Amino acid sequence: MTPDAKALLARYQPRAVKMVPTDRQLGTVRFSPCGKYLAAGDFEGRVRRWSFAEGASPLTSLPALTGHSGWVQALAFHPDGKHLLTADSWGRLTCWPFAERAARSLWSVQAHDGWVRQIAVSPDGKQVVTCGKDGKVCFWSPDRGAKVKEWAGLAEDTFSLAFDPEAKSLAAGGLRGTIRRWDVASGKVVREYAARALYRHDRIQDVGGVRWLTFDRTGATLVAAGCLPTSGGFVQGTPLVLLFDVATGRLKQEIKIGTVNDGFVYEMHWHRDGFLMGVTSGQPGQGSLFFLRPGDAQPFFTARLPNCHALAAHPDGTRLIVSATNANSSGNGRPLTKAKEYPGNFSPLHLWALRPAS
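This text gives an overview of the structure that appears in the document. Just so it is clear, the model here is predicted, and its values are computed rather than measured. Sequence order as written defines the numbering, with residues in each chain counted from 1. Where local features are concerned, this predicted model is filtered to residues with pLDDT of at least 70; where side-chain atom pairs are given and counted, the filter is 80 or more; whole-chain, interface and lining totals use all residues. The side-chain values count all of the structure's non-hydrogen atoms but skip hydrogen atoms and water molecules.

Turning to helix α1 (residues 3-12), a few remarks are in order. Any residue under 20% of the maximum accessible area for its type is buried, any over 50% is exposed, and the rest in between are partly exposed; the area is computed with a 1.4 Å probe on protein chains only. By the criteria applied, helices consist of DSSP H or I runs no shorter than four residues and strands consist of E runs no shorter than two, each listed in order from the N terminus. Of all the positions in α1, only Ala5, Leu8 and Tyr12 are classed as buried. The arc that holds the buried residues of α1, viewed along the axis, is 60 degrees, so those residues lie on one side. Only heavy atoms enter the contact rule, under which two residues are in contact if any of them lie within 4.5 Å. In this structure, the buried residues of α1 make contact with β1 (15-20) and β30 (349-353). Backbone geometry just downstream of α1 places Gln13 in the positive-phi region, at approximately 40 degrees. To be clear, the arc concerns the directions from the helix axis to the C-beta atoms.

With that settled, consider the packing of aromatic side chains. Centres within 6.5 Å make a pair out of two Phe, Tyr or Trp rings, where for Trp the six-membered ring is used; the pair is then stacked when the planes are under 30 degrees apart, edge-to-face when over 60, and tilted otherwise. Tallied over the entire structure, the rule returns 15 aromatic pairs. Among the aromatic residues, ring-to-ring pairing joins Tyr12, Phe275, Phe291, Phe300, Phe301 and Trp352 into one connected group. Only Lys NZ and Arg CZ are tested; either one counts as a charge over a ring when it is within 6 Å of the ring centre and within 35 degrees of the ring normal. Seen from the ring of Phe139, Lys149 lies directly overhead, with NZ or CZ sitting 4.7 Å from the centre. Above the face of the Phe264 ring, Arg211 is positioned so that its terminal group lies 4.6 Å from the ring centre.

Another aspect to go through is the sheet that holds strand β14 (residues 158-163). By this definition, two strands are paired if DSSP reports at least two bridges between them. Spatially, 4 strands are ordered β14-β15-β16-β17 in an open sheet, and the strand pairing comes out antiparallel. What marks the edges here is a single partner per strand, and that holds for β14 and β17 (189-194). Within this sheet the neighbouring strands show an average axis-to-axis angle of 20 degrees, counted without direction. Bridge analysis of strand β15 (residues 169-174) against strand β16 (residues 178-183) gives 5 bridges, and the strand direction is antiparallel. Residue pairing for β16: Leu170 is matched across the bridge by Trp182. Note on geometry: axes are C-alpha line fits, over the in-contact stretch for helices, and angles between N-to-C directions span 0 to 180 degrees.

To define a nonpolar core, start from buried Ala, Val, Leu, Ile, Met, Phe, Trp, Tyr and Cys residues and group those joined through side-chain atoms within 4.5 Å. Residues Leu289, Phe291, Val322 and Trp352 are the most contacted members of the largest nonpolar core, which totals 19 residues. Counting only elements with at least two residues in this core, the list comes to α1, β25 (276-281), β26 (287-292), β27 (301-304) and β29 (319-323). In terms of residues, this core owes the most to one element, α1, which gives 3 residues. Discounting chain neighbours no more than four positions away, the residues touching Val322 are Val279, Leu289, Leu305, Cys308, Ala310, Leu311, Pro348, Leu349, His350 and Trp352.

With that settled, consider the pattern of salt bridges. By convention in these notes, a salt bridge is any Lys or Arg side-chain nitrogen within 4 Å of a carboxyl oxygen on Asp or Glu. As enumerated under the stated definition, the model contains 21 salt bridges in all. When the shortest N-O distance is used, the salt bridge between Glu267 and Arg30 registers 2.5 Å. Note that Glu267 is positioned in strand β24 (residues 264-270) and Arg30 in strand β2 (residues 26-31), a separation of 237 residues in sequence. Across the pair, Arg30 and Glu267 agree in class, each one buried. Connected through salt bridges with shared partners, the residues Asp23, Arg24, Asp42, Glu44, Arg46 and Arg48 form a single ionic network.

Quick look at the structure:
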């Protein structure tokens with residue numbers, strides 16, 4: 001570990017402080033811009049909500065938002081602090097007034113033919129963008145849900161989106177390791193990035209994909225993440241992070257995290273001190289929360305948590321929530337209970353604290 005990484009670890013001293021159980025499996029988790037609310041999409045078409053505060057019981061449940069028909073795995077708060085955007089596996093995009101107790105959707109549109117993989121909102125809130133299994137990249141007006149424009153995109157299942165810090169360009173990443181960056185104003189492709197390592201065709205199965213994209217605060221580095229797959233079928237692979245020079249497209253660094261059973265990096269967020277916070281999920285029971293400083297060969301902090309699929313970073317930079325999977329879950333093949341019910345998985349929410357900066 002480098003001296004700088006050791007200093008970061010000593011400064012923040014990440015520690016688990018609370019585990020909040022849930023009754024269903026969650027696909028995505030986000031804090032509101034004010035930090036007072038937490039929202040999560042579940043696998044039964046609902047958007048779960050909690051108020052968030054300090055203390056022994058940090059999460060207080062609020063009524064769920066209902067209206068989606070499929071899994072809700074795409075979710076983004078608008079920077080105005082008033083609206084929440086959600087999307088599901090059937091292609092529907094919906095906007096809600098998230099803080100109202102009995103909230104009803106403001107608008108809802110059929111955004112894609114099939115799964116909406118991710119929602120990106122520009123820092124100024126003027127542009128809402130979605131991508132999905134149909135390979136398209138679509139822009140929507142945040143006030144009424146009208147389609148502003150549509151790009152043909154990547155012609156492959158598109159998992160990830162990221163605006164640069166000034167929202168002048170937009171990057172998208174797909175199943176086969178394709179990453180393109182467009183000029184938002186003209187719609188022209190300005191650069192492609194070679195992330196083929198994140199894809200494998202094996203046993204008549206396409207495995208992998210660019211599962212997450214993020215620019216650094218300067219817009220000079222584009223970070224892509226996913227998995228270095230070794231096999232299809234019963235998928236195995238090593239979590240992989242790629243750092244590209246935005247201007248030239250050159251690959252600057254390739255970082256493997258964990259082992260071949262650790263699977264995918266599903267999500268990463270920047271901390272204000274310039275390091276990445278991410279989560280992984282792989283073979284049953286395998287997963288982690290990790291902190292990585294670009295330029296280092298390995299994370300300076302790793303905590304094992306079973307099958308982590310989402311990470312919410314609090315706006316104050318001192319707290320995180322990781323959505324994992326219930327411990328000792330063996331997936332398919334679990335026996336029926338005495339009530340003849342199949343005991344499905346659920347997603348405990350793990351609250352982590354980082355010591356405030358001195």
